[in-house]
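If you want the building blocks of each chain, they are given just below.
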Amino acid sequence: MMERLYNPVFVKELKLRFRSFKSFSGLMFYLAVLVIFIAGFLLITTGFTGKGFFRPDTSFAMFSVLTIIQMALVLFITPSLTAGAISSEREKQTLNILLTTTQSSTQIVIGKLLSSVSFLVLMLIAGLPLYSLVFLFGGVSPSQIASIFLFYLLTVVAVGSIGVMFSTITKKTIVAMIATYGSIIFLGGITAFFFFITMAFSQMTPPAAGGTAQSFMAYFWAAINPGALILTLIEPEMGRGLKELSGVKLPVWVTYLIFYSGIMLLCLTVAIKKLRANMKSNR
Amino acid sequence: MMIEIQNLTKKYGSFIALDQLNLSLAEGTVFGFVGANGAGKSTTFSILATLLSPTSGDAFINGKSVIKEPKEVRKQIGYMPDFFGVYDQLKVDEYLDFYGASYGINIADRAVLIPQLLELVNLTNKRYEYVDLLSRGMKQRLCLARALIHDPKVLILDEPASGLDPRARVEMRDILRNLKTMGKTILISSHILPELAEMCDEIGVIDNGKLIAHGNVATIQAQLQGEKHIVVKVTDRLNEVRAFLEEDPKISAIDVIESKLEIEFNYRGTDEEQVVLLKKAILADLPIYALTEEEKDLEDVFMAITKGADAE
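Treat the numbers as computed from the prediction; the structure is a model and nothing was measured. (Residues numbered from 1 in each chain as written. Chains lettered and ligands numbered in written order. Predicted model: local features only at pLDDT ≥ 70, side-chain atom pairs only at ≥ 80, totals over all residues. Heavy atoms only, no water.)

Here's the deal with the sheet that holds strand β8 (residues 185–189) of chain B
Residues and elements named next belong to chain B. Note the cut-off: Here, any two strands with at least 2 DSSP bridges between them count as paired. Counting from the N terminus, the helices are the DSSP runs of H or I reaching at least four residues and the strands are the DSSP runs of E reaching at least two. To get an axis, fit a line to the C-alpha atoms, keeping to the stretch in contact for a helix; angles then go from 0 to 180 degrees between the N-to-C directions. Contacts are residue-level and defined by heavy atoms, with any inter-residue pair within 4.5 Å sufficient.
Taken in spatial order, the six strands of this open sheet run β6-β7-β8-β3-β9-β10, and their pairing is mixed. One side of each edge strand has no neighbouring strand; the edge strands of this open sheet are β6 (77–80) and β10 (210–215). Between one strand axis and the next, the sheet turns through 15 degrees on average, direction left out of account. Of the strand pairs in this sheet, strand β7 (residues 154–158) and β8 are connected by five bridges, and their pairing is parallel. If you follow Leu155 over to β8, its bridge partner there is Ile186. Relative to β6, helix α5 (residues 136–148) is tilted by about 160 degrees, and along the sheet it contacts β6 and β7.

In structure tokens, the structure reads:
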């Protein structure tokens, strides 16, 4: 059973990753950012009250900002871990040998993606003790944290798939990296911009003149924005507000789940198809 | 036949890299592929290694089509490309273990195989060293061990000795001799083919994507040579001898080496015609004290046929 589940690329990648200083420095950077934020937040908050205690609502504010910062960090780190997955093998001239083994394109691509995702999961787990400070002060439910972590995972896998796809279809890692960061800027930043633009237009336009379609678009842009998703998960009121504004009843997380699952499937399919691009049969 | 190549053609736009290549090799044959850079050797090997689809035609390894059954073909071949890299932070045994697993060999068998392969390529003492610390020759041998891990019937070795120093070349040649005795069918391309000629059963010469000659080493030499290279040694009167040689229409490329009192030339005539030429020279009372035919080795043949070919 174990032999059947064994993915050589996954095991090899993990081995290489944990032997590289880059991985540890990345993990250190991630934790350092979280520590700096939390320490800063605690100092400022307790300093303002001047009494040395911490209110649950302040704890919730810290949790919210921490969650968004963590999402931003994950989005920032994922491309660096995945955009070189295939192209670096090509650059190191190891890809051709790998492609003459009996491993299928699917095994190779999935192995590459899983190893990157595993490292990111390790990062998230490494950040949990810091997160647990929130529990210390109260104000946040464990189920809330669980759902946020599940959506982190979905985002990591989807963005990782984008990175692996660009890494497969481009020859150079640097090009794949730029394309993946470009996609993240679109998903995390430009969608927010589009949301505000379409929202403003829909409020100016009466429903008969296409305002409904515009508000639907506004909902869509918000629903595929990782930041907006996190906000609706932290503060369900925001989700309800968006529902009222746009008239779309589907919860944001459902749209997000469908959209990012779609991206993941599409990108992985392209990567698998294009891995052996010079072979017609691609088996 | 272990390898059957049928009308294999590969085009890149209007450029024809391979043109209707046909080749059949029996099991256990060691086949040397000669040709200039860009002649089509690596393209042929890439197609056989299932890395590249042909534009038309097909190739079969042990009856399996490289187009229709690439996965089956991969089980039958061990491929060593002309340029390859290694994973820097893997140790020698981990490197082989990874590829063993990639071929679906179970962990217990890998544990037995790895020391055997390392012994075959003389790397036993490097088993726990990092791959990037090995010399180029060692990396080549490790790559060969890697290509053998799943016990393939066919070995496709693209320039396995390129960039190696003389000692490393000799070591590589010895390993290949060993593999030949193990009954492997080996396809090998090399610029130092003369060194390997003794172990090649057959040689194929490729030029501009076409197989222009195919057969055993002696046949190829005869087929390609066409003319003999002769050296005449004289005691005196170089110009007189030169004038005499210039009269024969079958003599070309006359080169006078005054310092050594020698004249070199190419001769297209038969052995009988050469006897007549010699008699004439004696009758003309020319001071010739030696006439020798220089053997053209495979390197000369290679140089002759690839002369003027565009570099890659």
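Once you've had a look at it, read on.
Focus on a nonpolar patch on the surface
Residues and elements named next belong to chain A. What counts here: Any residue with relative accessible area above 30% and no salt bridge may belong to a patch, with like charges joined within 9 Å and the nonpolar Val, Leu, Ile, Met, Phe, Trp and Tyr side chains within 5 Å. All accessible-area figures derive from a Shrake-Rupley calculation using a 1.4 Å probe, and residue coverage is judged against the displayed protein chains alone. In what follows, salt bridge is the name for a side-chain nitrogen of Lys or Arg lying within 4 Å of a carboxyl oxygen of Asp or Glu. Buried, partly exposed and exposed residues are distinguished by accessible area as a fraction of the type maximum, computed with a 1.4 Å probe on protein chains only: under 20%, between the cut-offs, and over 50%, respectively.
A cluster of nonpolar side chains, Phe193, Ile197, Phe201 and Met204, forms an exposed patch at the surface whose accessible area comes to about 430 Å². Tracing the backbone shows Ile197 in helix α9 (residues 173–204). Judged by its relative accessible area of 33%, Ile197 falls in the partly exposed class.

Re the environment of Pro8(A)
Structurally, Pro8(A) can be placed in helix α2 (residues 8–19). Looking at Pro8(A), the relative accessible area reads 3%, which means it is buried. Counting along the chain gives 103 residues from Pro8(A) to Gly111(A), while the straight-line C-alpha distance between them is 7.5 Å. If we ignore the near neighbours within four places in the chain, the residues touching Pro8(A) are Gln103(A), Phe98(B), Ala101(B) and Ser102(B).

A few points about the packing of aromatic side chains
What counts, and what does not: When two rings of Phe, Tyr or Trp (its six-membered ring) have centres within 6.5 Å they constitute a pair, described as stacked for plane angles under 30 degrees, edge-to-face for angles over 60, and tilted for the intermediate range. Charge-over-ring placement is defined geometrically: NZ (Lys) or CZ (Arg) within 6 Å of the ring centre, and within 35 degrees of the ring normal.
Inspection of every chain in the model, using the stated rule, returns 21 aromatic pairs over all chains. Where Phe259(A) meets Tyr260(A), the ring centres are 5.5 Å apart and the plane angle is 75 degrees; that geometry is what we call edge-to-face. A relative accessible area of 25% places Phe259(A) in the partly exposed class. We classify Tyr260(A) as buried; its relative accessible area is 1%. Sitting over the ring of Tyr99(B), Arg146(B) keeps its end group 5.5 Å from the ring centre.

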